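This is what each chain is made of:
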Amino acid sequence: MWKKTYGQTGKQISVIGFGGMRFANPEDIDGSAELVTYAHSKGINYFDTAPGYCGDKSELIMGAAIRQMPRDSFYISTKCGSADGKELRGSIERSLKRLNVDYIDFFHIWCLVLPNQLEQRIAGGAIPAAVKAKEEGLIKHLVVSMHLSGSEIARVLDSGYFEGMTIGYNAINFPFRSEGLEAAARHNIGVVTMNPLGGGLIPRNAERLSFIKGPRDDDVVQAAIRFNISQPAITSALVGFSNREQVDQAVAAVENFSPYPQEHIENVKSHISESFEGFCTGCGYCIPCPSDVQIPKLMDAYNQKVLDGNDSAIVNRLKWHWSMKPEDAAACTQCGICEEKCTQHLPIRDRLEAIAALAAG
Ligand code: SF4
Ligand code: SF4
């Protein structure tokens, strides 16, 4: 298995990481743990979990697998989303027990979805408590997971607290995050990406997205995984596995694979806007908005409708990815400034109206 160095930590991480959020039958702890050890036998050495995943069973499954794997042969990642220092400390101690380890390799300040949450996690004591746990050796590396725009990610990384980050990144949404990747490269910070298949959107739109494929790619799923790991700034792509076939497919995607040249990446980027009429590329030229409307995030949610063709895709994207509501689009005063600057000439005002109208639904 191809490995990359995780930022400044010196740790060699497999380019495919095991996302522990999609176990098929999490109630079966030992059976699920077998899938983890199977992936480990195939060369995967980065395992990501969190309290609450899979009905709160994921950490227990990882812990059962860890009993069977030499401690120096893998890295375990878990998380805490509380801003409160005492709660975070309790969460670390609970995770250590459930995972059957003396230390957590990569501990995440979990799920920053609003720009001011970094300050909240500092003021509430969570980040100081994590720093203390690191000093005590309970955590090896303090990292962060985020659903923020590229510039917001850059600001979090500039804070200097973190040795790595986990972000959603794939062949569809990458323009929204590229500024964050540039910041990670600047700071030499490790980057793990989640959701390389766009929550299933990429396989569901395989034909329309066929331009993602390079000459040696068998299918769009393989291409989407390779797209992520070809980026020099990305250390590893997390894939949520449910069965051995999925592990085999992901492992096959990276075996004997040479990274795509930058030219291919640029080609995909230009095709995204060409191939999808009315697709927001996340370039951010439309902001700032005088009414502080989060235009790129709302247009990203609308992209889901462009791809999936239904309104519920917009609402779900806002809720689960950006922690926003359709109502947030209603702050638009229809001044039109953003449309003059939009590189894709999108009817932003009409789309915002359409999104706001979903509030009642
Ligand atoms: S049209 Fe709406 S979203 Fe665009 S700049 Fe004006 S207030 Fe902001
Ligand atoms: S300028 Fe247009 S394409 Fe770029 S982020 Fe704004 S809405 Fe999207």
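Bear in mind the structure is a predicted one, so any value in this text is a computation, not a measurement.

**Re the site of ligand 2**
So, step 1. Cys280, Cys283, Gly284, Cys286 and Cys342 are the nearest of the 13 residues found near ligand 2.
So, step 2. In the shell around ligand 2, the residues fall into eight nonpolar, five polar and no charged.

**Remarks on the pattern of salt bridges**
When charged atoms on two side chains of opposite charge get close, those side chains can pair.
So, step 1. By the definition in use, this model includes 16 salt bridges.
So, step 2. For the salt bridge of Arg98 with Asp56, the shortest nitrogen-to-oxygen distance reads 3.0 Å. Placement of the pair is Arg98 in helix H4 (residues 85–99) and Asp56 in helix H2 (residues 53–56), with a sequence separation of 42 residues.
So, step 3. On the basis of relative accessibility, which here comes to 12%, the residue Arg98 falls in the buried class.
So, step 4. When its relative accessible area of 26% is taken as the criterion, Asp56 is described as partly exposed.
So, step 5. The salt bridge partner of Arg349 is Glu339, with a shortest N-O separation of 3.2 Å.

**Here's the deal with helix H1 (residues 29–41)**
So, step 1. Its 13 residues give H1 an end-to-end C-alpha distance of 18 Å, which sits within 8% of 18 Å, the value for a rise of 1.5 Å per residue.
So, step 2. For H1, the set of buried residues is Ser32, Ala33, Leu35, Val36, Thr37, Tyr38, Ala39 and His40.
So, step 3. The elements touched by buried residues of H1 are strand E3 (16–19), strand E4 (46–48), helix H3 (58–66) and helix H11 (244–254).
So, step 4. After H1 finishes, the residue Gly43 shows a positive phi value of roughly 105°.

**Looking at the domain arrangement of the protein chain**
So, step 1. Segmentation of the protein chain into domains returns domain 1 (3–266) and domain 2 (295–360).
So, step 2. Just the C-alpha atoms count here: the centres of domain 1 and domain 2 sit 28 Å apart.
So, step 3. In this assembly, 13 residues from domain 1 lie in contact with twelve residues from domain 2.
So, step 4. Across the domain 1/domain 2 interface, buried area totals approximately 1,100 Å², and carbon plus sulfur atoms make up 53% of it.
So, step 5. Here domain 1 is connected to domain 2 by one salt bridge.
So, step 6. The residue Lys297 makes a salt bridge to Glu152 at a minimum N-O spacing of 3.2 Å.
So, step 7. Inspection of the domain 1/domain 2 interface yields two residue pairs in polar contact (both at pLDDT 80 or more).
So, step 8. Among the residues forming the side of domain 1 that touches domain 2, the class breakdown is five nonpolar, four polar and four charged.

**Some points on the packing of aromatic side chains**
In this description, an aromatic ring pair is defined by two values, namely the gap between the centres and the angle between the planes.
So, step 1. On inspection of all chains with the given rule, the structure shows ten aromatic pairs.
So, step 2. Ring geometry for Tyr46 against Phe106: centres 5.6 Å apart, planes inclined by 55°, an arrangement best described as tilted. Taken as a pair, Tyr46 in strand E4 and Phe106 in strand E6 (residues 104–112) lie far apart in primary sequence, 60 residues in all.
So, step 3. Phe106 sits in the buried class, given a relative accessible area of 0%.
So, step 4. Plain terms: the ring middles of Tyr75 and Phe106 are 6.1 Å apart, the flat faces sit at 75° to each other, and that makes the pair edge-to-face.

So, how was this worked out
- Residues numbered from 1 in each chain as written.
- Chains lettered and ligands numbered in written order.
- Predicted model: local features only at pLDDT ≥ 70, side-chain atom pairs only at ≥ 80, totals over all residues.
- Heavy atoms only, no water.
- Near = heavy atom within 4 Å.
- Nonpolar A, V, L, I, M, F, W, Y, C, P; charged D, E, K, R; others polar.
- Salt bridge = Lys/Arg side-chain N within 4 Å of Asp/Glu carboxyl O.
- Helix = DSSP H or I, 4+ residues; strand = E, 2+ residues; numbered from the N terminus.
- Buried < 20%, exposed > 50% of the residue type's maximum accessible area, 1.4 Å probe, protein only.
- Expected span 1.5 Å × (residues − 1).
- Contact = heavy atoms within 4.5 Å.
- Domains from an automatic or database assignment.
- Buried area = accessible area lost by both parts, 1.4 Å probe.
- Polar contact = N/O pair within 3.5 Å; in protein donor to acceptor, adjacent residues only side chain to side chain.
- Phe/Tyr/Trp six-rings, centres within 6.5 Å; stacked < 30°, edge-to-face > 60°.

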